[in-house]
Amino acid sequence: MNTKLALVATVAATLTLAGCGGSSDDNGTAGPAPTTPASPTATPTPGPGDTPPPDTAGTPTPPATPSSTPKPSILPKPTKPVPTAADGTNYKACADSRCEVAVRTGTRLQVKRSTLGFTSILKIDRVSNGTVAYSADGGCCSISTSAQGPGQSYTLNSLKVTTVAVSGKTAVLRLKPA
């Protein structure tokens, strides 16, 4: 509390001296205004029983209000839709080795044995990471691809397989005799 009284006394004395406007000498003429040594303005730290001094800066600042504009949320990256395959998932359309079908990992396509040469089954081994892998296994031989992307083609004996599109876990393949 003593710190507060000392501060009030200092402020009162400064205001009194500043309000005089100067001093007069013996002949009644005004002389220069007295100067007081500059002292740094200190804000006292309130003690346990003290209340903080009132805000003398003027109008209090209103508290911040939350923005009415919602923050943008992080959305999952949209996947491109798979183009519609001409034959959809009608795998029987591949029996003549001419079809365009949507496939997933594990799909088995029955084709003409004469186009593959040693078997009539084309197996989809994996559809992921924007690529498709497929294989054909027979009693004597096997042939496979590891990562064929959209627009790429591979010929297995006399069967040309083109990857039309891949999106997520689905790929569109076009088969035709080579």
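Residues numbered from 1 in each chain as written. Predicted model: local features only at pLDDT ≥ 70, side-chain atom pairs only at ≥ 80, totals over all residues. Heavy atoms only, no water.

1. Some thoughts on the overall build of the protein chain
- From N to C terminus, the protein chain includes two helices and eight strands.
- For the protein chain, the α and β elements follow one another from N to C terminus as α-β-β-α-β-β-β-β-β-β.
- Every one of the 178 residues in the protein chain was classed for burial, and the buried ones make up 23%.
- Restricting the contact set of the protein chain to residue pairs at least 6 apart, pairs at least 24 apart contribute 32%.
- For the protein chain, the accessible area works out to roughly 12,500 Å², and carbon and sulfur atoms hold 57% of it. (Helix = DSSP H or I, 4+ residues; strand = E, 2+ residues; numbered from the N terminus. Buried < 20%, exposed > 50% of the residue type's maximum accessible area, 1.4 Å probe, protein only. Contact = heavy atoms within 4.5 Å. Areas by Shrake-Rupley, 256 points an atom, 1.4 Å probe, with all protein chains shown as cover.)

2. Observations regarding the pattern of salt bridges
- Scanning all chains against the criterion turns up two salt bridges.
- Close ionic contact of Arg174 with Glu100 constitutes a salt bridge, the shortest N to O distance being 2.8 Å. Of this pair, Arg174 sits in strand E8 (residues 170-177) while Glu100 sits in strand E1 (residues 99-103), and the two are 74 residues apart along the sequence.
- Residue Arg174 is classed as partly exposed on the basis of its relative accessible area of 36%.
- Residues Lys123 and Asp125 are paired through a salt bridge, measuring 3.5 Å at the closest nitrogen-oxygen approach.
- Among the residues examined, Asp125 registers a relative accessible area of 31% and is labelled partly exposed. (Salt bridge = Lys/Arg side-chain N within 4 Å of Asp/Glu carboxyl O.)

3. Concerning the side chain of Ser120
- Examined against the element boundaries, Ser120 turns out to sit in the loop between helix H2 (113-116) and strand E3 (121-128).
- Within the structure, Ser120 has its side chain in polar contact with the side chain of Gln110 (distance 2.9 Å).
- When residues no more than four places from it in sequence are discounted, the contact partners of Ser120 are Leu109, Gln110, Val111 and Arg113. (Polar contact = N/O pair within 3.5 Å; in protein donor to acceptor, adjacent residues only side chain to side chain.)

4. Points about unusual backbone geometry
- Even without being glycine, Asn129 reaches a positive phi, approximately 55 degrees.
- Residues other than glycine seldom take positive phi values, yet Asn157 does so here, at roughly 55 degrees.
- Here Asn157 shows up in the loop between strand E6 (153-156) and strand E7 (159-167).

5. Considerations on the sheet that holds strand E2 (residues 108-110)
- Ordered by their spatial adjacency, four strands build an open sheet running E2-E3-E4-E5, and the pairing between neighbours is antiparallel. Of all the strands in the sheet, the pair left with one neighbour each is E2 and strand E5 (142-144). Sheet twist, expressed as the mean angle between neighbouring strand axes with direction ignored, is 20 degrees.
- As paired elements, strand E4 (residues 131-137) and E5 share three bridges and run antiparallel to each other. Paired with Asp137 across the strands is Ser142, a residue of E5. (Pairing = 2+ DSSP bridges. Axes fitted to C-alpha atoms, helices over the stretch in contact; angles between N-to-C directions.)

6. Overview of the environment of Ser120
- When its relative accessible area of 16% is taken as the criterion, Ser120 is described as buried.
- Along the backbone, Ser120 and Asp137 are 17 residues apart, and their C-alpha atoms lie at a distance of 8.9 Å.

7. Examining the state of the cysteines
- For the coordinates displayed, the defined rule picks out one disulfide.
- Residue pairing for Cys94: its cysteine sulfur links by disulfide to Cys99, the two sulfurs lying 2.0 Å apart. Between Cys94 and Cys99, the S-S dihedral sits near 90 degrees, and the bridge is therefore right-handed.
- Residue classification places Cys99 among the buried residues on the basis of a relative accessible area of 6%. (Disulfide = S-S within 2.5 Å.)

Note that all results are geometric; they support no functional claim without further evidence.
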